[in-house]
Amino acid sequence: MPPRGKPRPGGALAVALAVGAVLRVARLLRAPLMHPDGPAYLDLASGLLDGRVRAVLGGYYSPLYPAAVAGLAATGLPLELAGRATALLAGLAALPLVHALVRRLVGERQADAAALVAAVHPALVKASAQVLPETLAGALLLAWLAARGAGVAGALAGAAYLARPEGVLLLPLGLWRLRRERLGTLVLYASAAVVLMAPALLALHAASGHWGLSPREARVALLSGAPGATTLAEAALRSPAAILARLAGGGARQVLYDATALGPPCLVPFVLGIGAARWPLAVAAWFTALPLALNPSPRYAVPLVPLFLPATAAGLLALGERLGRRARVAAIALGMTLVVQALWVSHPFDAACSREVSRLVLEHYGPGQALVAVDGRFAYGARGRALVPPTTDPEDALALARRRGARLWLTRPAWIRPPWAPPADARAVARPCGGTFVLFELGG
């Protein structure tokens, strides 16, 4: 029995798990607006349930999250709920992983603080109710950092790649981490990673005819100024200056996204504790500077947030020592601030607009309609088929609609710029969301 006045071992982690579960379930029950990529992940999970394994392995989106969603949906859960529950379970799994990692790197008190912050952190709570793979990728990244055996770490590196394509960076990082080990250990690590990655790599090769890590490479190469390149390696050989410029500009943007994801309340403690646990920060820096810099996004910062928590927790304790008796009040204020942010409904207009458009399509045209729009959520909400054009250019949208026989096209008036004008067979039938969008009916 622990001495009186001292916390029970594991007590803070138990509290973190309980609080984290309550907040994440509360967020899930509010059914927040799905991310635009959410319907695509659900479609992949549905495809797996129908036996279309090869198409999912070789598709645009990474296959591990849809596979986990399909596993939960196979138990009878509705598909969207299975998607959100998968993210929630992965988000909860991150809490003991954060605790174990910080306890090993810094100490027990810092581990308790890190787990409690992770339980209420807004970015982690919100991601746990989304239909996205970010919490799964974050949990795998933490597990990789905490793993002791080379074989286990290699398998986790392979799984991280299956969750997010940038997870492949763990392969060279792991080999560097094990550089002082025997050759057999290095071979074991690499073999375990490649074995898990191989099915997706082979499926991608069969689908495209060339070796690559993800179909996204061609899009990133195009955005980086290397059109026609199908892989990042090819883009780097064709236009090294363009890739370096992309890395520099994208890296700066991703650093800002990382800081925003960590959040202003945690930035000061993070800076105070930045020297406490350098390896997780080094891993986060490599991800930010290389793969994420090529395609920066606020969403991609979420799996890195747990890697900032060892430093944040160390800084919180250092700050608490400086504050003395005021530390408890400051801790309560920080916790309440994070909880309010975690439960705050952001972008309410977007959610209301999405429901309005979906209801409009469903009521006037019925379920099963193919809807061309850059956001697949409108078709998903209308129980239809989403056809997503590659750009907002009206010509791209109309070409896709005619190629796929779609009757409806949704766009923004701001994207229809003179001298372009709708063709004779495109008739504007509604302007939902106060005119933010315009719905066209195609084909007479």
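What you see is a predicted model, and the numbers here were worked out from it, not measured in a lab.

Colleague: Explain the layout of surface pockets to me, please; I cannot follow it from the model alone.
Modeller: By volume, the second largest pocket is sized at about 1100 Å³. Lining the second largest pocket are 32 residues, with Ala-113, Leu-116, Leu-317, Ala-327 and Ala-331 sitting closest to its centre. Classifying every residue of the lining of the second largest pocket gives 22 nonpolar, 4 polar and 6 charged.

Colleague: What should I look at first to understand the packing of helix H15 (residues 264–272) against helix H18 (residues 305–323) in this one?
Modeller: Taken N-terminus to C-terminus, the directions of H15 and H18 make an angle of 85°; their axes are 6 Å apart at the nearest point. Judged by the inter-axis angle, H15 sits roughly perpendicular to H18. Between H15, through Cys-266, Pro-269, Phe-270 and Leu-272, and H18, the contact on the second element is made entirely by Phe-308, Ala-311, Thr-312, Gly-315, Leu-316, Leu-319 and Arg-322. Taken together, the residues that form the contact of H15 with H18 break down as 8 nonpolar, 2 polar and 1 charged.

Colleague: Explanation requested: empty space enclosed by the protein in the structure shown.
Modeller: One way to see where empty space is left: roll a probe the size of a water molecule over the atoms. By the definition in use, this model includes 4 cavities of 30 Å³ or more. In this structure, the largest cavity occupies an estimated 120 Å³ of space. Of the residues belonging to the lining of the largest cavity, the class tally is 9 nonpolar, 1 polar and 2 charged. Considering only enclosed or pocket space, the second largest cavity measures out at about 90 Å³ in volume. Around the second largest cavity, the lining comprises 13 residues; the ones closest to its centre are Ser-62, Pro-63, Tyr-161, Leu-204 and Leu-213. When its residues are assigned to classes, the lining of the second largest cavity shows 10 nonpolar, 3 polar and no charged.

Colleague: Honestly, the side chain of Glu-217 in this entry has me stumped. Any pointers?
Modeller: Mapped onto the fold, Glu-217 is located in helix H12 (residues 216–223). No salt bridge is formed by the buried Glu-217; the nearest opposite charge belongs to Arg-216, separated by 9.9 Å.

Colleague: What is the right way to look at the side chain of Gln-130 in this model?
Modeller: Within the fold, Gln-130 resides in the loop between helix H7 (122–127) and helix H8 (134–146). Among the residues examined, Gln-130 registers a relative accessible area of 15% and is labelled buried. Side-chain polar atoms of Gln-130 contact the backbone nitrogen of His-35, separated by 3.0 Å. Sequence-distant contacts of Gln-130, defined by excluding residues within four places in its chain, comprise Leu-33, Met-34, His-35, Tyr-65, Gly-83, Arg-84 and Ala-87.

Colleague: Which parts of the structure should I look at to understand helix H2 (residues 38–49)?
Modeller: Every α-helix carries 3.6 residues per turn, so stepping three or four residues along brings you back to the same face. Here H2 spans 17 Å end to end across 12 residues, near enough to the 16 Å set by a 1.5 Å rise per residue. Taken together, the buried residues of H2 touch helix H3 (53–57), helix H4 (64–73), helix H5 (79–105), H12 and helix H21 (377–381). Looking at the residues trailing H2, positive phi occurs at Gly-51, about 90°.

Colleague: Honestly, the state of the cysteines in this entry has me stumped. Any pointers?
Modeller: Every disulfide links exactly two cysteines, by a covalent bond between their sulfur atoms. Going through the model one piece at a time under the given rule, you end up with 1 disulfide. At a sulfur-sulfur separation of 1.9 Å, the disulfide partner of Cys-353 is Cys-433. One disulfide, between Cys-353 and Cys-433, carries an S-S torsion of 95° and so falls in the right-handed class. A residue pair is termed long-range when its members are at least 10 positions apart, and Cys-353 in helix H20 (residues 348–365) and Cys-433 in helix H23 (residues 432–435) qualify at 80 residues. Taking the relative accessible area as the measure of exposure, Cys-353 reaches 4% and is therefore buried. Accessibility expressed as a relative area gives 5% for Cys-433, which makes it buried.

Colleague: Please clarify how unusual backbone geometry should be interpreted in this entry.
Modeller: Among all residues save glycine, negative phi is the norm, and among peptide bonds the norm is trans. For the bond running from Pro-418 to Pro-419, omega is 10°, close enough to zero to count as cis. Among the secondary structure elements, Pro-419 is positioned in the loop between strand S3 (408–411) and strand S4 (426–430). Phi is positive for Arg-383, which is not a glycine, with a value near 55°. Relative to the elements of secondary structure, Arg-383 occurs in the loop between H21 and strand S2 (385–387). With a relative accessible area of 56%, Arg-383 lands in the exposed category. Its identity is not glycine, yet Cys-433 carries a phi of approximately 60°, on the positive side.

Colleague: Help me understand a nonpolar patch on the surface in this model?
Modeller: Taken together, the side chains of Val-15, Val-19 and Leu-116 define a hydrophobic patch exposed on the protein surface, amounting to about 210 Å² of accessible area. Of note, Leu-116 is situated in helix H6 (residues 108–120). Residue classification places Leu-116 among the partly exposed residues on the basis of a relative accessible area of 35%.

Colleague: Just to check I follow, could you spell out the pattern of salt bridges for this structure?
Modeller: Opposite charge on two side chains lets them pair, provided their charged atoms get close. This model, assessed by the stated rule, comprises 11 salt bridges. Glu-134 serves as the salt-bridge partner of Arg-164, at 3.6 Å between the closest nitrogen and oxygen. Of this pair, Arg-164 sits in the loop between helix H9 (150–163) and helix H10 (170–177) while Glu-134 is found in helix H8, placing the two residues 30 residues apart along the sequence. The same class applies to Arg-164 and to Glu-134, which are both buried. Each of the salt bridges in this network shares a partner with another, and the network as a whole consists of Asp-37, Glu-134, Arg-164, Glu-166 and Arg-299.

Reading guide: rules and limits
Residues numbered from 1 in each chain as written. Predicted model: local features only at pLDDT ≥ 70, side-chain atom pairs only at ≥ 80, totals over all residues. Heavy atoms only, no water. 1 Å grid on protein atoms, 1.4 Å probe; cavity = no way out; pocket = protein on both sides within 12 Å on 5 of 7 lines; lining within 4 Å. Points joined across faces, edges and corners; volume = space filled by probe spheres on them. Nonpolar A, V, L, I, M, F, W, Y, C, P; charged D, E, K, R; others polar. Axes fitted to C-alpha atoms, helices over the stretch in contact; angles between N-to-C directions. Helix = DSSP H or I, 4+ residues; strand = E, 2+ residues; numbered from the N terminus. Parallel < 35°, antiparallel > 145°, perpendicular 65-115°, else oblique. Contact = heavy atoms within 4.5 Å. Buried < 20%, exposed > 50% of the residue type's maximum accessible area, 1.4 Å probe, protein only. Lys, Arg positive; Asp, Glu negative; His and termini not counted. Salt bridge = Lys/Arg side-chain N within 4 Å of Asp/Glu carboxyl O. Polar contact = N/O pair within 3.5 Å; in protein donor to acceptor, adjacent residues only side chain to side chain. Expected span 1.5 Å × (residues − 1). Disulfide = S-S within 2.5 Å. Patch = residues over 30% accessible without salt bridge, like charges linked within 9 Å, V, L, I, M, F, W, Y side chains within 5 Å. Areas by Shrake-Rupley, 256 points an atom, 1.4 Å probe, with all protein chains shown as cover.

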